[in-house]
Structure formats: C-alpha cells, structure tokens
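Remarks on the overall topology
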Amino acid sequence: MAKKKRGNKKENTLKIVKKGLTSSKKINMVFRRFSFFLIFFVLFLVLNLATSDELWSNFFVLGEWIFGLIAVALLIVLLILYFLKIMKK
C-alpha cells in the first residue's frame, strides 16, 4: 500500500467573484439578437416577394417562418425582462 504524502495545504484566501449579467446587459443582449433575427426575417420576406420561381419561393417562406418565430420568441423574452426590470424598481 502506498503511503500518502502529507504536506501543508495552503488555503486560498482569494475570494471568487462571480460576474453575473445585470438586467440591462441581458436586455441589450436579447435586443441585439432580436434585431438580428428581425432583419433576416424582413430580408427573407422581401426576397420571397421578389422571386417568381417556386423552389426559391418555398425556400424563402421557410426562412421567413424560422427567423420570424425566433424573432417572436426573443420579443417575448425581451418583454419579460423589461417587465421584470420595472417590477424590481
């Protein structure tokens, strides 16, 4: 059986500071992502209206649905964060 090495263990006296996101940083992050997906939703909407080919039209409609639903979800999250910020005050 191996002998355990005994030595002095130094305690870590440094405090660990957890950096969390503040409510304003969360709102800004969600707003930037919301605007990104909203821009792509509008881009796919315009491209769908501009194209006449059925294949591209179906592709652009699919893109509209995907980016539109993500934008709506982020809008709901943005509203929830905004109301939570108001309720804290």
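Attention in this report is confined to the structure presented alongside it. In this text the structure is predicted, and so the values were computed from the model without any measurement.

Between helix α1 (residues 23–50) and helix α2 (residues 54–88), whose axes approach to 8 Å, the crossing angle comes to 155°. Taken together, the axis directions place α1 and α2 in an arrangement best described as roughly antiparallel. Crossing of α1 over α2 shows left-handed handedness. Its residues assigned to classes, the contact of α1 with α2 shows 23 nonpolar, six polar and four charged.

Moving on, we come to the packing of aromatic side chains. Two numbers describe a pair of aromatic rings. These are the distance of the centres and the angle of the planes. Enumeration according to the criterion identifies eleven aromatic pairs in this entry. Consider the rings of phenylalanine 36 and phenylalanine 40, whose centres lie 4.8 Å apart with planes at 65°: the pair is edge-to-face. With phenylalanine 36 and phenylalanine 40 both in helix α1 and four residues apart, the pair spans about one turn of that helix. When its relative accessible area of 28% is taken as the criterion, phenylalanine 40 is described as partly exposed. Consider the rings of phenylalanine 40 and phenylalanine 67, whose centres lie 5.4 Å apart with planes at 20°: the pair is stacked. Pair noted here: phenylalanine 40 is in helix α1 and phenylalanine 67 is in helix α2, with a separation of 27 residues, a long-range link. Classification of phenylalanine 67 by relative accessible area gives buried; the value is 18%.

Reading the values: rules and limits
- Residues numbered from 1 in each chain as written.
- Predicted model: local features only at pLDDT ≥ 70, side-chain atom pairs only at ≥ 80, totals over all residues.
- Heavy atoms only, no water.
- Axes fitted to C-alpha atoms, helices over the stretch in contact; angles between N-to-C directions.
- Helix = DSSP H or I, 4+ residues; strand = E, 2+ residues; numbered from the N terminus.
- Parallel < 35°, antiparallel > 145°, perpendicular 65-115°, else oblique.
- Left-handed = near helix turned anticlockwise from the far one by under 90°.
- Nonpolar A, V, L, I, M, F, W, Y, C, P; charged D, E, K, R; others polar.
- Phe/Tyr/Trp six-rings, centres within 6.5 Å; stacked < 30°, edge-to-face > 60°.
- Buried < 20%, exposed > 50% of the residue type's maximum accessible area, 1.4 Å probe, protein only.

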